[in-house]
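One-letter residues, chain by chain:
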Amino acid sequence: MSRKNKKAPWDEEEEIIWVSKSEMKRDMEELQKIGEALVELTPNALAKVPLDEEMMAAIKDAQRFSKEARRRQLQFIGKQMRHMDLEPIQAALDKLNNKHSQHTVALKKLEIKRDKLIENGDSMLNAILVDHPDADRQHLRQLMRQAAKEKAQEKPGKAYREIFQYLKSLYLAD
């Protein structure tokens, strides 16, 4: 009797990927860490994360629990997250965690704007007024003159700080 060479059925269709037990545990721990980050959020921040009602209830329960009950609830949240799309949740968490950095960058931009305003004068003032037509041109000009005068006399920059506070009220109040 001759044997025919037959290929196994999975060779043609798709390759089977084997996942080790350790890798599965690492994935679950990762999901639990995301769940723990969600549990640590304040109610206002939690409202910004796209979660279904069931997951929101599980997170609120975990916030109430302590010790062993909390640990089990975090495991439950991790288990529920296996069946969810994690990209929007992770993006929302990253955005919330990055809020401080974004605010710092915005303040640095305002400092640069203030310096340009003092150096360039009316051209920069007009650019600011284009962005914010309700800004007080006369007050800004007065502050600019005072800042230049303080700089020339090497005095502490009170007007310099006032310009920054005024720009901050204009740009960050939006």
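Residues numbered from 1 in each chain as written. Predicted model: local features only at pLDDT ≥ 70, side-chain atom pairs only at ≥ 80, totals over all residues. Heavy atoms only, no water.

### Examining the overall build of the chain
Here is the rule: For helices the rule is a DSSP run of H or I covering at least 4 residues; for strands it is a run of E covering at least 2, with both sets numbered from the N terminus onward. A contact between two residues is defined here by any heavy atoms of the two lying within 4.5 Å.
Scanning the chain from terminus to terminus reveals 10 helices and 0 strands. Along the chain direction, N to C, the helices and strands of the chain fall in the order α-α-α-α-α-α-α-α-α-α. Seen through its principal axes, the chain has C-alpha atoms that stretch 105 × 50 × 30 Å. The contacts in the chain between residues at least 6 apart in sequence include a share of 60% that link residues at least 24 apart.

### Some details on the domain arrangement of the chain
For clarity, the cut-off: Segmentation into domains, and thus their bounds, comes from an automatic or database assignment.
Splitting the chain by domain gives domain 1 (24-84) and domain 2 (104-172). The distance between the C-alpha centroids of domain 1 and domain 2 comes to 46 Å.

### Observations regarding unusual backbone geometry
Non-glycine residue Lys67 carries a positive phi angle of around 55 degrees. Its place among the elements puts Lys67 in helix H5 (residues 67-81).

### Some details on the packing of aromatic side chains
Rules: When two rings of Phe, Tyr or Trp (its six-membered ring) have centres within 6.5 Å they constitute a pair, described as stacked for plane angles under 30 degrees, edge-to-face for angles over 60, and tilted for the intermediate range. For a Lys NZ or an Arg CZ to count as sitting over a ring, it must be within 6 Å of the ring centre and within 35 degrees of the ring normal.
One pass over the structure, following the stated rule, counts 0 aromatic pairs. Lying over the aromatic face of Tyr160, Arg114 brings its terminal NZ or CZ to 3.8 Å of the ring centre.

### Things to note about the environment of Gln146
Quick reminder of the rule: Relative accessibility under 20% of the residue-type maximum defines a buried residue, over 50% an exposed one, and the middle range a partly exposed one, all with a 1.4 Å probe and only protein chains included.
Positionally, Gln146 belongs in helix H9 (residues 137-152). Judged by relative accessible area, which is 34%, Gln146 ranks as partly exposed. Sequence-wise, Gln146 and Lys158 are 12 residues apart; in three dimensions their C-alpha atoms are separated by 8.5 Å.

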